[in-house]
Amino acid sequence: MLYLFTVKYIKKYKEESRNRALNEFEVNALLEACKKSKNKELYYIVLAALYTGMRYSNIVNMKKSNIKGNVYQLDGNETKSGKGQLIYLHQDLMNELNKHMQAYNRDNIFITKRVKRSFKTACNKAGIENFRFHDLRRTFANTLLYNNVNIVTISNMLGHSSIMMTQKYLANDSKKELDA
């Protein structure tokens, strides 16, 4: 028997917003813990997240063939928005990725598809609590903000379709508020 009912009067679950981002000391501690991880690719994956703000799925599916100079190209079927996106790769990140890529002769930069457990272990060893991989995007956005990058540029770099979404990523104590 099929029951039809209306959900009009059901209260929507309000998701608790997150505003967790790493500070400089936590970033360094996390990277050191990742270097010591049994998962040899974890360090490079986390480094890519910190330098690019890319989503986890985009990082683990990175291909050498999509790198042209210091630019990584995501096509529309690889992004959440469905639009292509250019990701600019910092020279320090390229140097580290080149070290990793030289060890393998394949188009996929990473073979690891699951790092949740090793990431959590690295966070624990670094003394970092209440932190998820996706929060590395927030860390990236806040790092740009604290280095005086405007919100429109940050939004474009994260691939957001609106600045409203980018504002959710930025810490409540924005740089302008701190400066004031």
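Scroll up to find the structure.
Note that the structure is predicted; figures quoted are calculated from it, not measured. (Residues numbered from 1 in each chain as written. Predicted model: local features only at pLDDT ≥ 70, side-chain atom pairs only at ≥ 80, totals over all residues. Heavy atoms only, no water.)

1. Side note on the packing of aromatic side chains
For clarity, the cut-off: In this analysis, rings of Phe, Tyr and Trp, with Trp reduced to its six-membered ring, are considered paired at centre separations within 6.5 Å, and the interplanar angle assigns stacked below 30 degrees, edge-to-face beyond 60, and tilted for intermediate values. Each helix corresponds to a stretch of at least 4 residues labelled H or I by DSSP, and each strand to a stretch of at least 2 residues labelled E; elements are numbered beginning at the N terminus. The rule is simple: take the accessible area with a 1.4 Å probe, protein chains only, and divide by the maximum for that residue type; under 20% is buried, over 50% is exposed, in between is partly exposed. Consider the ring centre and the ring normal. A charge sits over the ring if Lys NZ or Arg CZ is within 6 Å of that centre and within 35 degrees of that normal.
Taken as a whole, this structure holds four aromatic pairs when the rule is applied. Centre to centre, the rings of Tyr56 and Phe133 are 5.1 Å apart; their planes meet at 80 degrees, and the pair counts as edge-to-face. You can see Tyr56 sitting in helix H3 (residues 56-60) and its partner Phe133 sitting in the loop between helix H5 (116-125) and helix H6 (135-146), a full 77 residues away along the chain. Owing to a relative accessible area of 12%, Phe133 belongs among the buried residues under this scheme. Between the aromatic rings of Phe119 and Phe131, the centroid separation amounts to 6.2 Å while the plane-to-plane angle is 40 degrees, which identifies the pairing as tilted. With Phe119 in helix H5 and Phe131 in the loop between H5 and H6, this residue pair connects regions lying twelve residues apart in the sequence. A connected cluster of aromatic rings, assembled from ring pairs, spans Tyr56, Phe119, Phe131 and Phe133. Between Arg106 and the ring centre of Tyr104, over which it is positioned, the NZ or CZ distance is 4.0 Å.

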